Every structure is written in structure tokens, then in C-alpha cells.
Amino acid sequence: MEKPQTVLYRDDKNWIYFIESVTSVGSMDAKRIFEIAEMTKNVVAGKIFVTAFLDFKTYKRFSETLAWDTEVWIAEMPEHMIHLNGDKFLEPR
């Protein structure tokens, strides 16, 4: 099991960010999320999983492998994040 590439902690929210660069480690797919969750099973802080991409073109190449409820950061658009919402679709009443 490989350690996460980058780990950041946000004290005011008690969140840990696990950040992987897609070009060096790969994307935050379901297998990688499971590995990190197993490594940190005793950690009580909230866990945020982020895949970092150099550009949107590379993101599109890997988009189908990304796990739900993860974040995407793209260097060519650094002020934005993409959240892959894992909530189930709710039908209107």
C-alpha cells in the first residue's frame, strides 16, 4: 500500500486532504480510496480525497475512473474545484 502523495490538515474544520497527482500516482479511484481509508481507519478527522490534474484535457482522459464523493483540482483553473457528488438521484415529487 503506497502512502498518499500529499496530506494536508485543516484545523478549523478538522479535515484531512489526501491529494494525488494523476500523472505520478494515479487518480482517486475506488481502490485508492479503500487503501487510504484502511491506512487511516483510526483517524477521526473528516477525509477529503482530491485528484490533481495539470489540465482539463488530462482530467477528461481519467474522468471515468474517478470515485464518487471525491474532488478534482485542475492547475489551469486553480480557483475552481469539481466535486463528484455521490448522492443518489432523488426523483421530484
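Our subject is the structure listed above.
Conventions and cut-offs
Residues numbered from 1 in each chain as written. Predicted model: local features only at pLDDT ≥ 70, side-chain atom pairs only at ≥ 80, totals over all residues. Heavy atoms only, no water. Pairing = 2+ DSSP bridges. Helix = DSSP H or I, 4+ residues; strand = E, 2+ residues; numbered from the N terminus. Right-handed = clockwise from strand over helix to strand, strands pointing away. Core = buried A, V, L, I, M, F, W, Y, C linked by side-chain atoms within 4.5 Å. Buried < 20%, exposed > 50% of the residue type's maximum accessible area, 1.4 Å probe, protein only.

Visitor: Any details on the pairing of strand β2 (residues 15-21)? Residues and values, ideally.
Guide: Relative to β2, strand β1 (residues 6-10) runs antiparallel, the two being bridged by five bridges. Looking at the pairing, Thr6 lines up with Ile19 of β2. Hairpin connection of β1 to β2: four residues between the antiparallel strands, including Asn14 at a positive phi of 55°. Viewed along the sheet, the connection from β2 through helix α1 (residues 30-39) into strand β3 (residues 46-53) turns out right-handed.

Visitor: An account of the nonpolar core is needed here, citing residue identities and associated values.
Guide: Judged by nonpolar contacts, Ile16, Phe18, Met28, Ile33, Ile36, Ala45, Phe49 and Ala67 together constitute the single largest core of eight residues. Secondary-structure elements contributing two or more residues to this core are β2 and α1. Grouped together as the second largest cluster of nonpolar side chains are seven residues, Phe53, Tyr59, Val72 and Leu84 included.

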